[in-house]
Every structure is written in structure tokens, then in C-alpha cells.
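Single-letter residue listing:
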Amino acid sequence: MGKKILVVTKDIGGGFNTLYPVVNLLRKEGYEVTVVAEGLSLKKWMGSGEEVYGGAGKCDASLMRYDIEMADAFEEVRPDAVIAELGAPIHLAEVFALGANRRDIPLIFIEDLWGVSSRSKAIPRLVCSVDDFGRFMATEQYSLGGDTKVIATGNPAMDALANVRASDSLQNFLGGVYTRGKRIVVALGQDESTTPMLEGLVEALEQEGNYILIPRFHPKWLSDPSKAEHCNRWHSILDRAKRGSVLWLNNESTHEILTLSHIAVSIYSTVLVEAAILGTIPVSWMSPIGQEKMAQALGGLRKFPLVSTGAAIGVSSADEFLSLVPKHQTAKSGAQLRETTRMVPSDGRNTERVVRAISDLLSR
């Protein structure tokens, strides 16, 4: 019988997308894995055929669940290790992470972005970070005590990008006469900082005209009734688009859309990293609220790391966007491509490195 691992998730990006490939490979390696899920990740796990601990359960309006007793889960599963997602805001994963600490059960964090371990008060035994800069941040965070091991493995979710290909129908549409000669821009929403980003982006595109803007708001905000005021504001901003087209592609994969787009604009989203890997120019739009939110989410960072290395473009106004961002994907410089490759591990083996690190930890 293999060792038992308890996995706790809430979101899609840093939760299901990051940990689904890890769970699959752990099972192939002989580990017994139990998944505890809430939030948007719950539906994804159940849709994949996973027998989630506690089933669908009961979630509140924000999709958090309170029907699982952590102590009962530990008693029933008796895990040899816990992998806790680092969602924002962190919830059930934090309960289990702190519970693992109290029981001296090895706790593992698998980061999907730089500095996200800072969201948890628990102390991990192992941190798998996205790259060397993330490894440096996590090492600094846990340098005052304990025996936390930090390894740069890359984000397992990025392994799937090697096989991304837009469907024939999407290729025919976005690559057809409708889009010819137009700048295709994907706007990737996040939190409150989406508002100044979207205002500036629409202002810039309206100055230029002849564009297609594809909005992709964060599903966590779209599904939360308490966020309706923000979502309505974003729609009203999009109503200002007169010299171009706003195109809603709600049933299409964001990854597929990115392969056919020129520009991807967000604040500090993981999707900016994915865009860089897929060959789309990533743009991090900074504002005072954007800096504040990024600092809270990414361990104090106030500039997106890909911008610092030249792998992405940082802007804070419509004028900067128009002067700094090339109109077409083919204008992406060789230097940007080299920095993306250097900065972001995307050789398709991130999951292997994570599972190897977990195996090393549990074989001590």
C-alpha cells in the first residue's frame, strides 16, 4: 500500500489546473491521493471523475464549504502528507495546512506564481516554486527557522501548454476576414484592479481603432453575487468601445484564444505567464490598486517579474500602451522570447519535477 496524500483545493488556476496533473502522476507512482475541494475547483474535480472527499457538499454564496470537519478527514484518511492550494482568499486549504502543522504531518505548497506561499500562515516542509526567482522569495520567507526545503520545479499547469492548438472553427474565425488587419487583444480580469486596467485599455484601443477586444473576466468574480457591482462596471466600460469590436467567446478555451491573439493584458494573472509561453505578448497593467493587490497576493511584489526581466511589457496608461506595445504578435522581440524561455520553465516536465521532490521528501 502506497503512502497517502491529502490534496486541498479551491480555485481553478492555482488549484485544479496546477494539482490535477500532480495527482494523476502521484497515483501512477503508487501513492493514494484523496482530494478535498471547494470553490470553483470542486466542479472541475467532479467533472474529471474524481471522487471528492465529502462529495459535492454544501457551499455558501462564495462557493466556500463548511460541511467538512478537518479533524474527521485527518482521522479517516491518515495522510502521510498534505498538499494545500494557495488560493486568494485562502480558506479550507489553510484550515488543513495549519492542521497538518499541528499534527507534524509534512505540508507541501506547489506555487503557481511568485510569492503566493505568503498567503498562508502555515509552515511547509516543501515548496515547489515556479522558477529561481520564486525559489529565492520562498527561501527568504522561511529562512528564520524550520526545515523548509524550496525547489524550483516550474508550475505543473504549464506542461499542458505544449499541446495547445486552437480548434479549426476558432482558427477559421479569428484568422479569417473578420479579423484581418485588426489588433486582437485579450483582456484578462482579476479583482478590483480590473477596473483601471479596462478603462485604460479601452481608452488606448479607441484612440487607435480597428481592434478586436476579447474580455475574459475571472470566473470567481462572475460567480459571486457580492461582486456584481464590479462586474457591471466592467460591462459599462466595454460599452465605450465604438471604433472596434468587443467579442465574447465564453465557450472557448482561453489558451486556444491566446494562440490566435496578439496581446494579452492583465495585472498579475498566471495567464500572463501562459501567454508568454504561447507566444502572445503579455502586458501587465499597473495602477495604484493593481500594485496594492499584487503586493498582497504575491508576497510584496509591486512589479510583475516578467516585466522586470523584459519577458513582458509593463504599462500604466493608455499612452504607454500605445507607445510600448507592438501592434502584432510577430513584433515580439527575440529578447522577449529568450527571457520567457529562461524565466519560465516550460519544457513539459514540471509535473515530473514536483512529484520527484514529493517522493524525495516522503522517503526521508
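The following refers to the structure shown. Here the structure is a predicted model, which is why all the values come from computation and not from measurement.

**Focus on the sheet that holds strand β4 (residues 107-110)**
Phase 1: Sheet architecture is open: six strands sit in the order β2-β1-β3-β4-β5-β6, paired in parallel fashion. The two strands at the open ends of the sheet, each matched to only one other strand, are β2 (32-37) and β6 (149-152). Each strand of the sheet is rotated relative to its neighbour by a mean of 20°, with strand direction disregarded.
Phase 2: Here strand β5 (residues 126-129) runs beside β6; their pairing, made up of four bridges, is parallel. Of the residues in β6, the one forming a bridge with Val127 is Val150.
Phase 3: Its contacts with the sheet put helix α1 (residues 12-28) on β1 (4-9), β2, β3 (81-84) and β4, and the angle it makes with β1 is roughly 165°.

**Brief notes about the sheet that holds strand β8 (residues 211-216)**
Phase 1: In space, the six strands of this open sheet follow the order β9-β8-β7-β10-β11-β12, with parallel pairing throughout. The sheet is open, and its two edges are formed by β9 (245-246) and β12 (313-315), each paired on a single side.
Phase 2: Looking at chain direction, β8 and β9 are connected through two bridges and run parallel. Note that in β9 the partner of Leu213 across the bridge is Val246.
Phase 3: Packing against the sheet, helix α7 (residues 194-208) makes contact with β7 (183-188), β8, β10 (263-266) and β11 (281-285), and its axis sits at approximately 170° to β7.

**Some details on the side chain of Ser269**
Phase 1: Relative to the assigned elements, Ser269 resides in the loop between β10 and α11 (270-278).
Phase 2: Within the structure, the side chain of Ser269 is placed 2.9 Å from the backbone nitrogen of Val271, a separation counted as a polar contact.
Phase 3: Residues within four places of Ser269 in sequence aside, it is in contact with Leu113, Gln190 and Phe304.

**A closer look at helix α9 (residues 228-238)**
Phase 1: Of all the positions in α9, only Cys231, Trp234, Ile237 and Leu238 are classed as buried. All buried residues of α9 project into a common sector of 115° when viewed along the axis, lining one side. Opposite its buried face, α9 presents the exposed residues Glu229 and Asn232, each directed more than 90 degrees away.

**As for the nonpolar core**
Phase 1: By size, the foremost hydrophobic cluster in this structure holds 89 residues, and its most contacted members are Phe96, Phe304 and Phe321.
Phase 2: Filtering out sequence-adjacent residues up to four positions away, Phe304 remains in contact with Leu113, Trp114, Ile267, Tyr268, Ser269, Leu272, Val273, Ser284 and Met294.
Phase 3: Counting residues in each nonpolar core, the second largest holds 26 residues, with Phe16, Val23, Val52 and Ala357 among its members.

**Digging into the pattern of salt bridges**
Phase 1: The tally for this structure, following the rule as stated, stands at 13 salt bridges.
Phase 2: Residues Lys293 and Glu192 are paired through a salt bridge, measuring 3.2 Å at the closest nitrogen-oxygen approach. Residue Lys293 is located in helix α12 (residues 288-297), and its partner Glu192 is located in the loop between β7 and α7; the two are separated by 101 residues in the primary sequence.
Phase 3: Given the relative accessible area of 24%, Glu192 is considered partly exposed.
Phase 4: If you follow the salt bridges from partner to partner, you end up with Asp104, Arg125 and Asp147 in one network.

**Structural notes on the packing of aromatic side chains**
Phase 1: Throughout the structure, instances matching the rule amount to eight aromatic pairs.
Phase 2: Both rings, one in Phe16 and one in Trp45, keep their centres 5.0 Å apart while their planes meet at 80°; by these two values the pair is edge-to-face. Here Phe16, found in helix α1, pairs with Trp45, found in helix α2 (residues 39-47); they are 29 residues apart in sequence, far enough to count as distant. Taken individually, Phe16 and Trp45 each receive the classification buried, so the pair is uniform in this respect.
Phase 3: Considering the side-chain rings of Phe74 and Phe96, the 5.6 Å spacing of their centres and the 40° angle between planes classify their relative orientation as tilted. A residue pair is termed long-range when its members are at least 10 positions apart, and Phe74 in helix α3 (residues 70-77) and Phe96 in helix α4 (residues 92-102) qualify at 22 residues. The burial state of Phe74 is the same as that of Phe96; both residues are buried.
Phase 4: Taken together, the ring pairs connect Phe16, Tyr20 and Trp45 into an aromatic cluster.

**Re the environment of Ile257**
Phase 1: Looking at where Ile257 falls in the secondary structure, it is placed in helix α10 (residues 254-259).
Phase 2: Ile257 sits 92 residues away from Arg165 along the chain, and the two C-alpha atoms are 9.3 Å apart.
Phase 3: Other than its neighbours up to four places away in sequence, Ile257 contacts Leu170, Val186, Ile214, Arg216, Leu249 and Glu252.

**Here we look at the pairing of β11**
Phase 1: Counted residue by residue, β11 has five buried out of five residues, so it is predominantly covered.
Phase 2: Burial of the side chains of β11 extends over both faces: Ile281, Val283 and Trp285 are buried on one face and Pro282 and Ser284 on the other.
Phase 3: Bridge analysis of β10 against β11 gives four bridges, and the strand direction is parallel. Note that in β11 the partner of Ser266 across the bridge is Ser284.
Phase 4: Pairing analysis gives three bridges linking β11 to β12, with the strands arranged parallel. Along β12, the bridge assignment pairs Val283 with Ile313.

**A look at helix α16 (residues 350-362)**
Phase 1: Its 13 residues give α16 an end-to-end C-alpha distance of 19 Å, which sits within 8% of 18 Å, the value for a rise of 1.5 Å per residue.
Phase 2: In this fold, the buried residues of α16 make contact with β1, α1, β3, β4, β5 and β6.

**Let's talk about the environment of Gly146**
Phase 1: One can find Gly146 in the loop between α5 (132-141) and β6.
Phase 2: The class of Gly146 is exposed, set by a relative accessible area of 71%.
Phase 3: With 22 residues separating them along the chain, Gly146 and Pro124 place their C-alpha atoms 9.0 Å apart.

Rules used in this analysis
Residues numbered from 1 in each chain as written. Predicted model: local features only at pLDDT ≥ 70, side-chain atom pairs only at ≥ 80, totals over all residues. Heavy atoms only, no water. Pairing = 2+ DSSP bridges. Helix = DSSP H or I, 4+ residues; strand = E, 2+ residues; numbered from the N terminus. Axes fitted to C-alpha atoms, helices over the stretch in contact; angles between N-to-C directions. Contact = heavy atoms within 4.5 Å. Polar contact = N/O pair within 3.5 Å; in protein donor to acceptor, adjacent residues only side chain to side chain. Buried < 20%, exposed > 50% of the residue type's maximum accessible area, 1.4 Å probe, protein only. Arc of directions from axis to C-beta. Core = buried A, V, L, I, M, F, W, Y, C linked by side-chain atoms within 4.5 Å. Salt bridge = Lys/Arg side-chain N within 4 Å of Asp/Glu carboxyl O. Phe/Tyr/Trp six-rings, centres within 6.5 Å; stacked < 30°, edge-to-face > 60°. Expected span 1.5 Å × (residues − 1).

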